[in-house]
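Examining the three-dimensional arrangement
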Amino acid sequence: MRLNGIIQSLGALSCGSLVTYLTMRFIDRTSYLSGDGDEGANEIKSKWIYNWDQRGPNEQKKMVHSLSQESNPSMSKSVARRHIFLVRHGEYSDEHERPGYLTDRGRAQAARTGRRLSEMGVSWDYVVASTMPRAMETAMIILKQINFDPLKLKRCDLLCEGTPYPADPPQNRNPRHIQQAYQRDGPRIEAAFRRYFFRAPADQEQDSYMLIIGHANVIRYLVLRALQLPPEAWLRLTLHHGSISWITVAPSGLVSVRSLGDAGFMPINEMTHRKPKQTNKQ
């Protein structure tokens, strides 16, 4: 079918590109709505792109080999999996004496999250946090629980909170402000995805474990991008403060979610997902 040929060609030429990815999603959606294709209008037509990170073993051998690499993901020489844990910061409040820092409950949440991560018995290869105060404070609390050297903590501005993509359903905000926020934050958050999401290199023999401490909007976008799902759906996901999401990147290029927004290790009275409502001081 001609449409499928166009999709495969676009994926082979630039499957790691967000622009190509969104173009493919648009073509799939248009085909679905029009009922075009022999498979029927109710069948999902988009296919998984195995070489989404452009790190297949034949990438250095020119594009002539890319199509065969896409059709046979088992050609990958990598044997290790990359496990990426995404933790949302604890509850914070603008009423705090230091605006943007954790509340008492937020610090308790961070401590519980750290204990949960410690119980997993993981040897962390890499820990990175957003540079915003609430994320950094959460990170420092967690590092004590997992016995990770604070000097090895990486700080990354790409992970700061923002508007990753115009949401559908839309946010209850001025459309012009949403567009401005997306133009400011979208490329940065997409750059964070490309920096941290990829397959293990061919010489990596053991599974690796990365811990990222950041923000709800960013985490939601990263999860959708990793699963090759429409990025405009990010607002449909809710993440509790201190929650843990676990993503595994297989050598073949397949990506799976082990858990999303896990906060079941917290008492119900400590579970929150919004900033506390401001109170009028007398």
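Residues numbered from 1 in each chain as written. Predicted model: local features only at pLDDT ≥ 70, side-chain atom pairs only at ≥ 80, totals over all residues. Heavy atoms only, no water.

1. Some details on the overall build of the chain
Counting secondary structure elements, the chain contains seven helices and six strands. Taken from N to C terminus, the helices and strands of the chain fall in the order α-α-α-β-α-β-α-β-α-β-α-β-β. Relative to its full complement of 282 residues, the chain shows a buried share of 50%. Taking the contacts inside the chain whose residues are at least 6 apart along the sequence as the reference set, 74% of them involve residues at least 24 apart. For the chain, the accessible surface area stands at approximately 14900 Å², while carbon and sulfur atoms represent 51% of it. (Helix = DSSP H or I, 4+ residues; strand = E, 2+ residues; numbered from the N terminus. Buried < 20%, exposed > 50% of the residue type's maximum accessible area, 1.4 Å probe, protein only. Contact = heavy atoms within 4.5 Å. Areas by Shrake-Rupley, 256 points an atom, 1.4 Å probe, with all protein chains shown as cover.)

2. What to know about the environment of Glu190
As for its placement among the helices and strands, Glu190 is situated in helix H6 (residues 175–196). Placed 31 residues apart in sequence, Glu190 and Tyr221 show a C-alpha to C-alpha distance of 8.6 Å. Reaching out from Glu190, the side chain makes a polar contact with the side chain of Tyr221 at a distance of 2.7 Å. Of the polar contacts made by the side chain of Glu190, one reaches the side chain of Arg225; its length is 2.8 Å. (Polar contact = N/O pair within 3.5 Å; in protein donor to acceptor, adjacent residues only side chain to side chain.)

3. Comments concerning H6
End to end, H6 covers 30 Å across 22 residues, agreeing with the expected 32 Å (1.5 Å per residue, within 8%). A maximum bend of about 35 degrees is found in H6 at Asp185, where proline Pro187 lies one to four positions downstream. Taking the backbone nitrogen of Arg176 as reference, a side-chain oxygen 2.8 Å away marks Asn174 as the first, capping residue of H6. (Expected span 1.5 Å × (residues − 1). Bend = angle between axes of the 7 residues up to and from the residue.)

4. What about the sheet that holds strand S3 (residues 154–156)?
Read from one edge to the other, the open sheet built from six strands follows the order S3-S2-S4-S1-S5-S6, with strand pairing classed as mixed. Bordering the open sheet on either side are S3 and strand S6 (255–262), each of which pairs with just one other strand. Going from strand to strand, the sheet's axes swing by 20 degrees on average, the running direction of each strand aside. Relative to strand S5 (residues 244–249), strand S1 (residues 82–88) is paired through six bridges, and the arrangement is antiparallel. Bridging across to S5, His83 finds its partner in Thr248. (Pairing = 2+ DSSP bridges. Axes fitted to C-alpha atoms, helices over the stretch in contact; angles between N-to-C directions.)

5. Describing the packing of aromatic side chains
For the structure on display, the rule yields seven aromatic pairs. Considering the side-chain rings of Trp52 and Phe193, the 6.1 Å spacing of their centres and the 40 degrees angle between planes classify their relative orientation as tilted. In this pair, Trp52 is assigned in the loop between helix H2 (18–34) and helix H3 (66–71) and Phe193 in helix H6, connecting sequence segments 141 residues apart. For Phe193, a relative accessible area of 4% gives the class buried. Ring centres 6.5 Å apart and planes at 35 degrees place the aromatic pair Phe85 and Tyr209 in the tilted group. Taken together, the residues span a long stretch of sequence, with Phe85 in strand S1 and Tyr209 in strand S4 (residues 208–214) at a distance of 124 residues. (Phe/Tyr/Trp six-rings, centres within 6.5 Å; stacked < 30°, edge-to-face > 60°.)

6. Quick word on the UniProt feature "active site" (unreviewed entry) in the chain
Per the UniProt entry, the sites bearing "active site" (unreviewed entry) are His89 and Glu161 in this numbering. These annotated residues cover 73 residues of sequence, and their C-alpha atoms all fall within 10.8 Å of one another, placing them together at a single site. With respect to the secondary-structure elements, His89 resides in the loop between S1 and helix H4 (104–119). Setting aside anything within four residues of it in sequence, one finds His89 in contact with Arg134, Ala135, Thr138, Gly214, His215, His241 and Gly242. A polar side-chain atom of His89 sits 3.2 Å from a polar atom in the side chain of Arg134. Locating Glu161 in the fold gives a position in the loop between S3 and H6. Among the residues examined, Glu161 registers a relative accessible area of 22% and is labelled partly exposed. Apart from residues no more than four positions distant in its own chain, Glu161 is found in contact with Met132, Arg134, Arg188, His215, Ala216, Asn217 and Val218. (UniProt positions renumbered as here; feature names shortened; annotations may be inferred.)

7. Some remarks on helix H5 (residues 133–146)
With 14 residues, H5 extends 20 Å between its outermost C-alpha atoms, agreeing within 8% with the 20 Å of an ideal straight helix rising 1.5 Å per residue. Across the 14 residues of H5, ten count as buried, placing the element largely inside the fold. All of the buried residues in H5 are Arg134, Ala135, Met136, Glu137, Thr138, Ala139, Ile141, Ile142, Leu143 and Ile146. Taken from the residues just after H5, Asn147 is the one with a positive phi, measuring 55 degrees.

8. Examining the pattern of salt bridges
Pairs may arise between side chains of opposite charge once their charged atoms sit close together. The final tally for this structure, using the stated rule, is ten salt bridges. Residue Glu270 pairs with Arg112 through a salt bridge whose shortest N-O separation is 2.7 Å. One end of the pair, Glu270, is in the segment after S6; the other, Arg112, is in helix H4, and 158 residues separate them in sequence. What makes Glu270 buried here is its relative accessible area of 15%. Look at Arg112 and you get partly exposed, because its relative accessible area is 26%. Ionic pairing is found between Glu190 and Arg225, a salt bridge with its closest N-O pair at 2.8 Å. One end of the pair, Glu190, is in helix H6; the other, Arg225, is in helix H7 (residues 216–226), and 35 residues separate them in sequence. Given a relative accessible area of 5%, Glu190 falls into the buried group. What you see here is one network of salt bridges that share partners, running through Asp104, Arg107 and Glu137. (Salt bridge = Lys/Arg side-chain N within 4 Å of Asp/Glu carboxyl O.)

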